[in-house]
Amino acid sequence: MFDDLNDLYQQVILDHCKQPRNFHEMPAATCSAQGFNPLCGDNLKLFLQMDGDVIKDASFVGSGCCISKASASLLTDYVKGKTKVEAEKTFEQVRDMITTGTVNGDVGKLAVFAGVHKYPARVKCAILSWHALIGALKGEAKPVSTESESN
Ligand code: ZN
């Protein structure tokens, strides 16, 4: 049964990797952030359109491995309609889930990344777009690197 579940998760990740959602520039973006993971070469830019405290729209562009692209694809789908505070809380849930494999609370489809904790080299690929999200929400001007903080 767990193998079936893993297969399903892998299918979701592969699907989002091959056909990323919200994969485009956003001229109407109110904030954006560049994220870089030097360990893997993942490089992406995340765009947000804020309406007050609510994320009205989200998109990304860039290049990277399958995990990093699928993560950004699912992230941009997930955070639409969420408030800044909700998105920050989700970042913490996702970070805990990716590093420990334990899902705390409802993270919807993002749960497909719980298995990443078994592959330490891929954790930073999966978390990269989330660092970029937080960078964009904070309005940080300089690129966010997965190597700028320890996790
Ligand atoms: Zn990667």
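For clarity, every value in this text was computed on a predicted model and none was experimentally measured. The residue numbers shown here count from 1 along each chain, following its written sequence. Predicted model: local features are reported for residues with pLDDT of at least 70 only, side-chain atom pairs are reported and counted for 80 or more only, and whole-chain, interface and lining totals are derived from all residues. Side-chain figures throughout are based on the complete set of non-hydrogen atoms in the structure, without hydrogens or water.

Help me understand the pairing of strand 1 (residues 31–37) in this model?
The two faces of a sheet get side chains in turn, since along a regular strand they alternate between them. Burial classes follow relative accessibility: with a 1.4 Å probe on protein chains only, a residue under 20% of its type's maximum area counts as buried, one over 50% as exposed, and anything between as partly exposed. Here a helix means four or more residues in a row that DSSP labels H or I, a strand means two or more in a row labelled E, and each is numbered from the N terminus. Of the two faces of strand 1, the one holding Cys-31, Ala-33, Gly-35 and Asn-37 is buried and the one holding Ser-32, Gln-34 and Phe-36 is not buried anywhere. In this description, strands pair whenever DSSP reports at least two bridges between them. Sheet analysis places strand 1 next to strand 2 (residues 42–51), joined by seven bridges and oriented antiparallel. Residue pairing for strand 2: Gly-35 is matched across the bridge by Leu-44. Adjacent in sequence and paired antiparallel, strand 1 and strand 2 are bridged by four residues, among which Gly-41 carries a positive phi angle near 95 degrees. Two strands pair when backbone bridges link them, and strand 1 and strand 4 (residues 144–145) are joined in this way by two bridges, in the parallel orientation. If you follow Phe-36 over to strand 4, its bridge partner there is Ser-145.

Explain the coordination of the zinc ion to me, please; I cannot follow it from the model alone.
Working reference: metal with six octahedral donors, ideal angles 90 or 180 degrees; metal with four tetrahedral donors, ideal angle 109.5 degrees. Protein coordination of the zinc ion is provided by Cys-40 (SG), Asp-42 (OD), Asp-42 (OD), Cys-65 (SG) and Cys-125 (SG), with donor distances spanning 2.2 to 2.6 Å. Binding-site remark: the zinc ion is held by donors from one chain whose sequence spacing is C-x1-D-x22-C-x59-C. Here Cys-65 is found in the loop between strand 3 (54–63) and helix 2 (66–79), whereas its partner Cys-125 is found in helix 4 (residues 120–138), with 60 residues between them in sequence. Note on accessibility: Cys-65 and Cys-125 belong to one class, buried. The donor set covers N, O and S atoms within 2.8 Å of the metal, switching to 3.2 Å for Na, K and Ca, and it leaves out water, so a site may look short of donors.

Hey, could you run me through the packing of helix 3 (residues 84–100) against helix 4 in this one?
How two helices pack is summed up by the angle between their axes together with the distance between the axes. Their axes nearest at 10 Å, the elements helix 3 and helix 4 cross at an angle of 160 degrees. Between helix 3 and helix 4, the angle is such that the two are roughly antiparallel. As helix 3 runs across helix 4, the sense of the crossing is left-handed. Two secondary-structure elements touch here, helix 3 through Lys-84, Ala-87, Glu-88, Thr-90, Phe-91, Val-94, Arg-95, Ile-98 and Thr-99 and helix 4 through Val-123, Ala-126, Ile-127, Trp-130, His-131, Leu-133, Ile-134 and Leu-137. Every axis in this analysis is a line fitted to C-alpha atoms, fitted for helices over the stretch in contact. Angles between the N-to-C directions lie between 0 and 180 degrees. To sort the angles, those under 35 degrees are grouped as roughly parallel, those over 145 as roughly antiparallel, those from 65 to 115 as roughly perpendicular, and the leftovers as oblique. We call a crossing left-handed when the near helix sits turned anticlockwise from the far one by less than a right angle, and right-handed when that turn is clockwise. Contacts: residue pairs with any heavy atoms within 4.5 Å of one another.

Distances and angles like these do not, on their own, reveal function.
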